[in-house]
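Observations on the three-dimensional arrangement
Here is what each chain is made of, one letter per residue.
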Amino acid sequence: MIPYIRDPKQTIPTSSVKIIGLGGAGANMLERIALDGMEGAELLALNTDQRTLSSGLALEKIQLGVNLTKGLGTGGDPELGHRAILESEDQLRASIKGRRIVFLCTGLGGGTGSGAAPIVTRIAREEGAFIVVFATMPFAFEGKRRREQAETALNELAVLSNALVTFDNNRMGELVLAKQGVHEAFAAADHMICESIKAVIRLVVRPGLINVGLDELVSALRTNRSRCLFGSGIANGKDRAASALKNVLNSPLLDQGALLKKAQTVLVHLCGGEDLTLFEIELLMQRLQKFIPETAHVLFGAAIDPAMGDSLSITLISALPEDSLAIKSRDSLSQHSQENPILDPDQEIDPELMAEDPVPALPTPPENPPEPTVAAEPIAVHASEAPLFDAAAAESAPEPEMELLAAQAIVEPLPGPEKPSELLPLVEDEIPESPETAEAAPEVPAVAPSPKKKSPFSSPWSKPKEAAPLEEPIFQEPAAPAEAEPPKLKLGIKASGPQSELSLDAAPRGRFEGETPNVYEGQDLDLPPFLRKKK
Amino acid sequence: MARRTKIHVGLEIGSSKTCMVVGEVKADSAVKILGIGVTKTAGVRKGEIYDFSQARACLKDALAKAEDASDVEIGSVYLAVTGAHIQGINHRGTYRLPDGEPTVTPEHVEEARSIAREVHIPQDHVYLHPIIRNYWLDGLEHSMSPVGLFGKTVEADFHVVHGIGTRIQNSIKLVREMPLEVDDIVFSPIATAQMALDREQRERGALVIDIGGGTTDYALYLNGAIAASGCIPVGGDHITNDIHLVTGLPFSSADRLKITEGDASADPVRSVGIAKLTDDRGFAEVEVSRSILNEVIRQRLEETLKLVRQRLPVGSVGEIGAGVFLTGGTSLMRGFSELAFDVFGRDIYRPELPELSGTQASFRDPHYATAIGLIRYAQILDAERAKPPGIFGKIGRMFWSSGQ
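Residues numbered from 1 in each chain as written. Chains lettered and ligands numbered in written order. Predicted model: local features only at pLDDT ≥ 70, side-chain atom pairs only at ≥ 80, totals over all residues.

Our next topic: the overall build of chain B. Counting its secondary structure elements, chain B contains 11 helices and 19 strands. Counting contacts in chain B only where the partners sit at least 6 residues apart, residues at least 24 apart contribute 69% of the total. (Helix = DSSP H or I, 4+ residues; strand = E, 2+ residues; numbered from the N terminus. Contact = placed C-beta atoms within 7 Å.)

Structure follows, in structure tokens:
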């Protein structure tokens, strides 16, 4: 294959997105994200509880409060969580350093989530990242104390974060049918959060025909003390515009579009395959107009991604002032989002964003860049990045943490859940390279376990990620969404293309012709049993 | 205090006919049927309205006929609803008495009842009836409220019937457009059971199956309380349709053939030869082999009854002591009792309508069982409402106010 190197300036570097799962609930969300396949973005798990941490799928893990809780949880005490995160602040800081966007997923109410989330948010802000917090609120039956702990943390987060989306566990019941199992309800909630994160990444990272970036995102969310409205839908086949819009409005955070009535600024982002037509866009925006007040400021973006195939995705983001929330008195769904203009990092990010996407549809990325490139470049990556981490880590981290850190430092440069095929060369690269970093992290053997840790990650879209240093992720980035879409489609909407249906209408049905089949236990009751049983 | 005579009206909008029955409940609780308005229904299929304006015209006609026959101006009706979306489920609420309160108070019972009524139903569904089955006090069954007795744990068993709210609201809307008020809505098999079963039969265990034109509704009573109810969207129309599909006859001939010649008994003697329909001039219009005709009918009905049996709680067929009571127009099918016996292995009855004073003998017709059952239901409800308002009524009223 002929390698094709594109202009690296066009996109946001992959490594600039980091997703952090904090605490037990955060770990679950992270798991879902990892399983659903989040291209490019780095996953970082933070927890006090070593057991949950070690079983997680995240490539990067930081155990909080190693000396404080000794590998146990916080037992629901936010104070402990608070102290634990302070103890591990330096590692976290090193890990977040240089990231443009940080997503923090956490469940409020417990010790680690409530205690550490505000600190993590603050650290991320201090490192200059745009931070979006996804927080779940505890069930009502968990009691008043947990609810209060969650509220306290939420108030702090509202001030500290760029955008805060909360999902109330009490509304989980709306996500699934009454008969479905409890695990499905939790999975659905996690899936929703995962979808939200993906959509935001898709939005800011993918170059568009009509571009939207972090600046638009910020202005869509810019109201004082607001709650974030969020909807994301994907559909394919005939009438995909209408059904994608329907999916968007079905999002539990939108309340069937009723909540959009009061929105002042709405960000709409479309992404489709190469066959996305202007007519479709017009049709869709027309329908959307019914749900949005005429005076609202609509920020419209569209992007073409060949990997979308024949599907079309819509993302809708807006914010409501909190007072309108009170009027609606939907206490079960409390969401806040706070845009803090002073801390706003988008100034630094904007130029990049703006600069990066004037070019519309990018050509398909080379599927398998030649091996030599891959083999050669990682050394540079490690040389430039690893010492930084290890130095920072070594200063703060006492002995037991070294192993983790060493693994982490090595894992770090690979910005995503990656390629089993890559593992071997990777390890080889690592070993000659490690002496350089060994001063800080002498446990070379720690390198060996790291591939094992990654093994559950062996994702179907194996693709060398760590080709070029620094610039490389930039180059790689557009490839990432392109690669990620297929698995997503597989999980969400089955395979692309209309699914063939087992035809029940083979026989005429007389006067019941054209009605919905009266199916009971696989038999169409409208057909004569005389004919059915004869077969 | 002398109780006044009251007039109740029962309305059933079935798939094949709309039937409005005007009944007078005398001071001594005897029921007299004053008049019936029946008209063929159009626009209703499988118990649910699919053509609103046609259904409205039919209802108007039935109303006029009923008012004519009974000489009563009808202002409000009891409405029977059915449809595959309506389900009945059993649920038990348990309440443990707080320490230091040895006897059961009304509040405790109320608590147990409210727990029992909290059934998880799909979001678009509404409650039709929560029907109390019985109470349990420390594992011992009590048919009446155990208030004042000593105990630790009160339990209330409820049978909760629920269905899709908007569809039920549309039935109500249809009636309101007459304009008529709706006193209460009742799930059809429950109304039919009021008619078909007496207390003793309920005590011994009985199953009522109402096979109408579009649906088959069933209600099972065990130990005096309702144990299961539901609706299968298959009825007499399906038999006609089956004959049409198998033989290729037009619907009208298929329907006539079903009524005049059909037999469901699987008795080989009755399946010999050819069934004929003659036209006005005496020519054979239609000829169908009886063996095919009967086989088509039998297989349809057998399947329907087996579906009912499948849906009943496990082992409950064995507990049916009194028998299976068949009603509805399709139950007039020849040989149906034999078929039902083959399926259930219990005594089979066509319900004898209880003592109703009235002139028309046609009231003994199972076609009207549900509508007449509504009168009986209204009578029971009235008796309960005379006491502190019954839970039926309360829930009913709640539903109406929200169903505006």
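Continuing now.
Let us look at the overall build of chain A. Of regular secondary structure, chain A possesses 21 helices and 12 strands. Residues counted as buried form 53% of the 535 residues belonging to chain A. Across chain A, the fraction of contacts at a sequence separation of at least 24, relative to all contacts at a separation of at least 6, is 80%. (Buried ≥ 20, exposed ≤ 12 C-beta atoms within 10 Å, placed from the backbone.)

Let us look at the interface of chain B and chain A. Each partner contributes to the interface: chain B provides 19 residues, whereas chain A provides 15 residues. Contributing elements (two or more residues each) for the side of chain B that touches chain A: α6 (236-247) and α8 (290-311) of chain B. With 7 residues, α6 of chain B is the single largest residue contributor to the side of chain B that touches chain A. Residue composition of the side of chain B that touches chain A, grouped by class: 9 nonpolar, 5 polar and 5 charged. (Nonpolar A, V, L, I, M, F, W, Y, C, P; charged D, E, K, R; others polar.)

Moving on: the packing of helix α5 (residues 89-96) of chain A against helix α6 (residues 111-126) of chain A. Residue and element names in this part refer to chain A. Packing of α5 against α6 leaves a shortest axis separation of 10 Å and a crossing angle of 45 degrees. In terms of orientation, α5 lies oblique with respect to α6. In terms of crossing hand, the pair formed by α5 and α6 is right-handed. Contacts from E89, L92, R93 and I96 in α5 reach V120, I123 and A124 in α6. Per-class residue counts for the contact of α5 with α6 are 5 nonpolar, no polar and 2 charged. (Axes fitted to C-alpha atoms, helices over the stretch in contact; angles between N-to-C directions. Parallel < 35°, antiparallel > 145°, perpendicular 65-115°, else oblique. Left-handed = near helix turned anticlockwise from the far one by under 90°.)

Okay, the confidence of the model for chain A next. Residue and element names in this part refer to chain A. Taken residue by residue, chain A gives an average pLDDT of 65. The fraction at 70 or more is 56%. Low pLDDT (under 50) marks residues 6-10, which in the prediction has 12 contacts with non-local residues, meaning those over four places away or in another chain. A low-confidence stretch, residues 325-498 stays under pLDDT 50, and its non-local contacts, those more than four residues away or across chains, total 297 contacts. (pLDDT = per-residue confidence, 0-100.)

Attention now goes to the sheet that holds strand β6 (residues 163-168) of chain A. Residue and element names in this part refer to chain A. One open sheet holds the 6 strands; their spatial order is β3-β2-β1-β4-β5-β6, and the pairing between them is parallel. Looking at strand neighbours, the two that pair on one side only are β3 (60-63) and β6, the edges of this open sheet. Neighbour-to-neighbour, the strand axes of the sheet open up by a mean angle of 15 degrees, direction not taken into account. The pairing of strand β1 (residues 17-22) with strand β2 (residues 42-47) spans 5 bridges and is classified as parallel. Counterpart to L22 in the pairing with β2 is L46. Packed on one face of the sheet, helix α1 (residues 23-36) meets β1, β2, β4 (101-107) and β5 (130-137) and runs near 125 degrees to β4. Each of β5 and β6 touches helix α7 (residues 144-160); the most contacted strand, β5, lies at about 165 degrees to it. (Pairing = 2+ DSSP bridges.)

Another point: the environment of R204 of chain B. Residues and elements named next belong to chain B. Checked against the element boundaries, R204 lands in helix α5 (residues 199-204). A count of 17 C-beta atoms within 10 Å places R204 in the partly exposed class. Considered as a pair, R204 and L222 are 18 residues apart in the sequence and their alpha carbons are 6.6 Å apart.

Structurally, F325 of chain B is set in strand β17 (residues 323-327). Note: C-alpha distance between F325 of chain B and R350 of chain B (25 residues apart in sequence) is 5.6 Å.

This brings us to the pairing of strand β15 (residues 274-278) of chain B. Residue and element names in this part refer to chain B. Here 5 bridges tie β15 to strand β16 (residues 284-289), and the two strands are oriented antiparallel to one another. Among the inter-strand pairings, I274 is bridged to a residue of β16, identified as S289. Between β15 and β16, which pair antiparallel one after the other, the connecting turn spans 5 residues, and G282 there sits at a positive phi close to 90 degrees.

It is worth spelling out the pairing of strand β14 (residues 225-232) of chain B at this point. Of all 8 residues that make up β14 of chain B, 7 are buried, and the element is covered over most of its length. If you look at the hairpin formed by strand β13 (residues 216-222) of chain B and β14 of chain B, you'll find 2 residues sitting between the two strands, and N223 of chain B has a positive phi there, around 50 degrees.

For the rest of this paragraph, the subject is the environment of E110 of chain B. Residues and elements named next belong to chain B. Counting through the fold element by element, E110 comes out in helix α2 (residues 106-117). Judged by the 15 C-beta atoms lying within 10 Å of it, E110 falls in the partly exposed class. Taking the C-alpha atoms as reference points, E110 and A156, 46 residues apart in sequence, are found 9.2 Å from one another.

On to the nonpolar core. If you look at the biggest cluster of nonpolar residues, it comprises 105 residues, and the most contacted ones within it are L11, V21 and V208 of chain B. Sorting elements by how many residues they give to this core places helix α10 (residues 369-386) of chain B first, with 8 residues. The two domains that each donate at least three residues to this core are domain 1 (87-162) and domain 2 (201-350) of chain B. Beyond its immediate sequence surroundings of up to four residues, V208 of chain B is in contact with P189, T192, A193, A196, L197, Y218, A219, F325 and T327 of chain B. Counting 102 residues, the second largest nonpolar core, distinct from the first, contains L80, V133, I193 and V212 of chain A. (Core = buried A, V, L, I, M, F, W, Y, C linked by C-beta atoms within 7 Å. Domains from an automatic or database assignment.)

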